[in-house]
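What the coordinates show
Here's the letter readout for the chains.
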Amino acid sequence: MQSRAIIRAAFILFTASVVVATVLSDLFIPWHPYAAFDFSASRSGEVTWAGGNAQHAGLRAGDRIDVARLTPAQRVKFFAAPGYILADAGQAMQLPVEPGRTVTVTAQTRPRTLADNVTDVIECLALLLYIVIAAALVLLRPSPVTWAFYGFSYSFCNDGVTLYRHLPFAAVFALVLYGNLASAISPSAFVSFAMRFPDIRLRRTSATAERILLFGVTPALAVFGVAASTAFVFAAALLPRWISGIQQSIGYSVFAAGMAVLVARYVTADREIRSRLHWIVVAFSVAYAPNLVGGAIEFNLGIALPVVFANLAIAWTVIAPVALAYTVLRHRLFDIRFVFSRALVYAVITSIAVAALALVDWVFAKWLAESRFAVMAELGLALLMGFALTTLHRRIEHAVNAVVFRAQAAALAALRRFAREVDLIADPNRLILDTFDALHARLETEYAAVYTLEGSSFVLATPAEGYDLPLLLSSDDLAVLRLRRWSEPFECDEPKHPFRGALLLPMTVRGQLVGFLACGPKRDRTHYLPDEVDALSTLAHRTGSAYAWLTLREAAPPVLTQIPS
């Protein structure tokens, strides 16, 4: 599981770094304004607007550029940044204009207002915040919901114009195809997020619809986008406008379906779920509208929108991840934890603290080097630093437990408290069901189950809740044998065992196995931590003792109050 976590983290960090690179390149626009040719055109080559310099060169709105006579590098710029073509100031480009004439246009530095520059910075900071939140949710709480939100959001974040200006043709074309794939994933991922948030397990109809979107609609959009881009760049071939319209209609229809799912869930949900969905529905309703409208105008009409509007429309999308993060933190929907282990959190924070203290020690050592009390000062400083490090580590541990692992600590405390209360339950069946309810409510696992000994077999004594759990296990089952022999909890690693990945905890009394708890794999796919195993072991032991006492008492013959005659 740790290798899976490493691969997941590497994938998120790599894809997020692509966004960071494109966004950071745009952050330099206010200090190094880009230049552009003084016209805009659609991908078919129709000139939709021509400025004074372009008109002076002989280009007019309504002219048609012969796209087939452009180079692939020029065409990829038309496609990658519709509405304007970026260049270096003074760079000239010859445009073959139908019928049979050539117009030479020169790139001019675009005049920029203070509002343009300020909104550029706002846009870049908003996108950086967006991708950080989306990536952090997957790293801290990997689940279908967080993955869906990351996939949906990626195409909105993967935006940048300056980078295309400096990269070679192959890199620009690769980024264009990369953007096609991101755009293809986005609609279906949004619907998946809408159906699953905050942590809904889909039923048959919903699961089938999700699979159709992810494995049917998404590949179709990806193939269409890649094929259209490749055909345009290398062969100047444009698909019929009605086909492009179908593709765009499918994308917008899927987005609309996602919003309809969110609204429908909000309307039909109970009060608790509605409070969780409130901010999400409002934020998603308003966050993407300006950007979607602006993108449709640029894509279909080839008209470059004002810089201020384009910047603010993109920056406005950050409302969605902020609302999601607020909802997660306010309602504690996810137990925020890093994907490796708690030790990693402590190690990273402690390393930073040690580095800071080492820097302080080095500064003071340089200052005390010339003092005649240098030796005593060094000893005193060493003692002070050691005391400070111990105190700091204790405070760090307390802060991490209180903030990062707060929900987990509260759940374990509740399980320990319940373990001390089980001996007050008088009915053995009620005891088993209450234990199951405690596990189900406090653990973020795929399933929880309790098995009890009946004869020579172990029988499922709790609801299966739709999971394919075995109803009966013999005493010779591999997992049961291990519990009987060692009376220790363990994570089942048998490849084909139905409890593979689950934590099994024995319920023993005087060395006799009377049952066991089965806690399924965690939803975040991490191993059980030592304190989790300790709390669950205590619960299993006390539940087993109480269950054995209650069942033995029921099976005992009645006590005679008088001697029969």
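Bear in mind that the values here come from a model prediction, so they are computed numbers and not experimental data. (Residues numbered from 1 in each chain as written. Predicted model: local features only at pLDDT ≥ 70, side-chain atom pairs only at ≥ 80, totals over all residues. Heavy atoms only, no water.)

**Some points on the pattern of salt bridges**
What counts here: Every case where a carboxyl oxygen of Asp or Glu lies within 4 Å of a side-chain nitrogen of Lys or Arg is listed as a salt bridge. Secondary structure counts use DSSP, requiring at least four H or I residues in a row for a helix and at least two E residues in a row for a strand, with both numbered from the N terminus. For each residue, the accessible area found with a 1.4 Å probe, counting protein chains only, is set against the maximum for its type, and the residue is called buried under 20%, exposed over 50%, and partly exposed in between.
This structure, assessed with the given rule, holds six salt bridges. Residues D63 and R101 are paired through a salt bridge, measuring 2.9 Å at the closest nitrogen-oxygen approach. Note that D63 is positioned in the loop between α2 (52-57) and β4 (64-65) and R101 in strand β7 (residues 101-109), a separation of 38 residues in sequence. On the basis of relative accessible area, D63 is assigned to the buried category, the value being 15%. For R430, the salt bridge goes to D434, with nearest N and O atoms at 3.0 Å. With R430 and D434 both in helix α17 (residues 428-442) and four residues apart, this pair spans about one turn of that helix.

**Quick notes on the pairing of strand β12 (residues 503-509)**
The line we're drawing: The pairing criterion for strands is at least two bridges between them, as found by DSSP.
The element β12 is extensively covered by neighbouring structure, given that six of its seven residues are classed as buried. The pairing of β12 with strand β13 (residues 512-519) spans seven bridges and is antiparallel. Following the sheet pairing, P506 is matched in β13 by F516. Taking the residues between adjacent antiparallel strands as the criterion, β12 and β13 are bridged by two residues, where R510 takes a positive phi near 55°.

**Regarding helix α5 (residues 144-157)**
Rule in force here: Every helix has an expected span of 1.5 Å times one less than the residues it contains.
For α5, which comprises 14 residues, the first-to-last C-alpha distance of 20 Å matches the rise-based estimate of 20 Å (1.5 Å per residue) to within 8%. In terms of burial, α5 is a largely internal element, eleven of the 14 residues being buried. For α5, the set of buried residues is V145, T146, A148, F149, Y150, G151, F152, S153, Y154, F156 and C157.

**Considerations on the sheet that holds strand β8 (residues 448-454)**
Keep this limit in mind: A contact between two residues is defined here by any heavy atoms of the two lying within 4.5 Å. Comment: axis = line fitted to C-alpha atoms, over the contacting stretch for helices; angle = value between 0 and 180 degrees taken between N-to-C directions.
Taken in spatial order, the six strands of this open sheet run β10-β9-β8-β13-β12-β11, and their pairing is antiparallel. Since the sheet does not close on itself, it has two edges, and those belong to β10 (472-474) and β11 (490-491), each with one partner. Here helix α18 (residues 478-486) sits on the sheet in contact with β9 (457-460), β10, β11, β12 and β13, set at roughly 125° to β13.

**Quick look at the side chain of E210**
By the secondary structure assignment, E210 is in helix α8 (residues 204-235). Given a relative accessible area of 9%, E210 falls into the buried group. Not counting residues within four places of it along the chain, the set of residues in contact with E210 comprises S192, M195, R196 and L202.

**Some words on a positive patch on the surface**
Put simply, the rule reads: Patch membership requires over 30% relative accessible area and the absence of a salt bridge. Like charges are linked within 9 Å, and nonpolar side chains (Val, Leu, Ile, Met, Phe, Trp, Tyr) within 5 Å. Values of accessible area rely on a 1.4 Å probe in the Shrake-Rupley scheme; residue burial ignores everything except the protein chains shown. Residues scored as positive are Lys and Arg, those scored as negative are Asp and Glu, and His as well as the terminal groups of each chain are ignored. Charge positions come from single atoms, namely NZ of Lys, CZ of Arg, CG of Asp or CD of Glu.
On the surface, R416, R417, R420 and R442 cluster together into a positively charged patch. Within the fold, R442 resides in helix α17. Residue R442 is classed as partly exposed on the basis of its relative accessible area, which comes to 41%.

**Thoughts on the environment of R274**
One can find R274 in helix α10 (residues 271-287). Every residue in contact with R274, bar those within four places of it in the chain, is listed here: Y266, V267 and A269.

**Examining the packing of aromatic side chains**
Aromatic ring pairs: the centre-centre distance and the angle between the two ring planes describe each pair. Put simply, the rule is: Each aromatic pair joins two rings of Phe, Tyr and Trp (for Trp, the six-membered one) with centres within 6.5 Å, and gets the label stacked for planes under 30 degrees apart, edge-to-face for over 60, and tilted for any other angle.
As enumerated under the stated definition, the model contains 25 aromatic pairs in all. Between Y130 and F149, the aromatic rings sit 6.3 Å apart at their centres with planes inclined by 5°, giving stacked as the arrangement. In this pair, Y130 is assigned in helix α4 (residues 114-140) and F149 in helix α5, connecting sequence segments 19 residues apart. When sorted by exposure, Y130 lands in the same class as F149, which is buried. Relative to F193, the ring of F149 has its centre 5.6 Å away and its plane inclined at 50°; by these criteria the two rings are tilted.

**So, the packing of helix α7 (residues 169-196) against α8**
Put simply, the rule reads: When an angle is under 35 degrees it counts as roughly parallel; over 145 it counts as roughly antiparallel; between 65 and 115 it counts as roughly perpendicular; any other value is oblique. Each helix crossing is assigned a hand: it is left-handed if the near helix lies turned anticlockwise from the far helix by less than a right angle, otherwise right-handed if that turn is clockwise. Gly is put with the polar residues, along with every residue not named as nonpolar or charged; the nonpolar set is Ala, Val, Leu, Ile, Met, Phe, Trp, Tyr, Cys and Pro, and the charged set is Asp, Glu, Lys and Arg.
Contact pair α7 / α8: the axes reach a minimum separation of 9 Å and the direction vectors enclose 160°. Here α7 is positioned roughly antiparallel relative to α8, judged by the angle of their axes. The handedness of the crossing between α7 and α8 comes out as right-handed. Counted by class, the contact of α7 with α8 contains 18 nonpolar, eight polar and two charged residues.

**Some thoughts on a nonpolar patch on the surface**
Together, L114, V118, I122 and L312 give the surface a local cluster of nonpolar side chains, amounting to about 370 Å² of exposed area. Residue contributions to the nonpolar patch peak at three residues, all from α4. On the secondary structure map, L312 appears in helix α12 (residues 307-316).

**Some details on the nonpolar core**
For clarity, the threshold we go by: Nonpolar cores were defined as sets of buried Ala, Val, Leu, Ile, Met, Phe, Trp, Tyr and Cys residues, with membership established by side-chain atoms within 4.5 Å.
In terms of nonpolar packing, the biggest core is built from 51 residues, with F149, Y150, F152, F193, L262, F284 and Y288 touching the most fellow members. For this core, the elements supplying multiple residues, two or more each, are α1 (2-26), α4, α5, α7, α9 (241-268), α10, α12 and α13 (319-331). Per element, the largest residue contribution to this core is ten residues, and it comes from α4. What F152 contacts, discounting residues up to four positions off in sequence, is Y130, S186, A189, F190, F255, F284 and Y288. Counting residues in each nonpolar core, the second largest holds 29 residues, with A419, F436, C519 and L539 among its members.

**Concerning α18**
Just so we agree on the cut-off: Working definition: the arc comes from the directions between the helix axis and the C-beta atoms, pointing outward to the latter. N or O atoms closer than or at 3.5 Å make up a polar contact, with two conditions inside protein: a donor-capable atom paired with an acceptor-capable one, and, for residues adjacent in sequence, both atoms drawn from side chains.
When we look at burial in α18, the residues that qualify are A479, V480 and L483. The arc that holds every buried residue of α18, seen down its axis, measures 100°, which confines them to one face. Exposed positions of α18 whose direction lies more than 90 degrees from the buried face are L478, R485 and W486. Against the buried residues of α18 lie β9, β10, β11, β12 and β13. The opening residue of α18 is D477, an N-cap whose side-chain oxygen sits 3.0 Å from the backbone nitrogen of A479. S487 occupies a position one or two residues after α18 and carries a positive phi of about 50°.

**As for the side chain of T146**
The topology assignment puts T146 in helix α5. For T146, a relative accessible area of 2% gives the class buried. Within the structure, the side chain of T146 is placed 3.0 Å from the backbone nitrogen of S143, a separation counted as a polar contact.

**Brief notes about the pairing of strand β3 (residues 47-50)**
Relative to β3, strand β2 (residues 39-41) runs antiparallel, the two being bridged by three bridges. Note that in β3 the partner of F39 across the bridge is A50. Joining the antiparallel neighbours β2 and β3 is a turn of five residues, in which G45 adopts a positive phi near 100°.

**Side note on the packing of α7 against α9**
The contact between α7 and α9 brings their axes to 8 Å, and the two run at 10°. The angle between α7 and α9 places the two elements in the roughly parallel class. Seen from α7, the contacting residues are S186, P187, S188, F190, V191, A194, M195 and R196; seen from α9, they are G251, V254, F255, G258, M259, V261, L262 and R265. When the residues that make up the contact of α7 with α9 are grouped by side-chain class, the tally is ten nonpolar, four polar and two charged.

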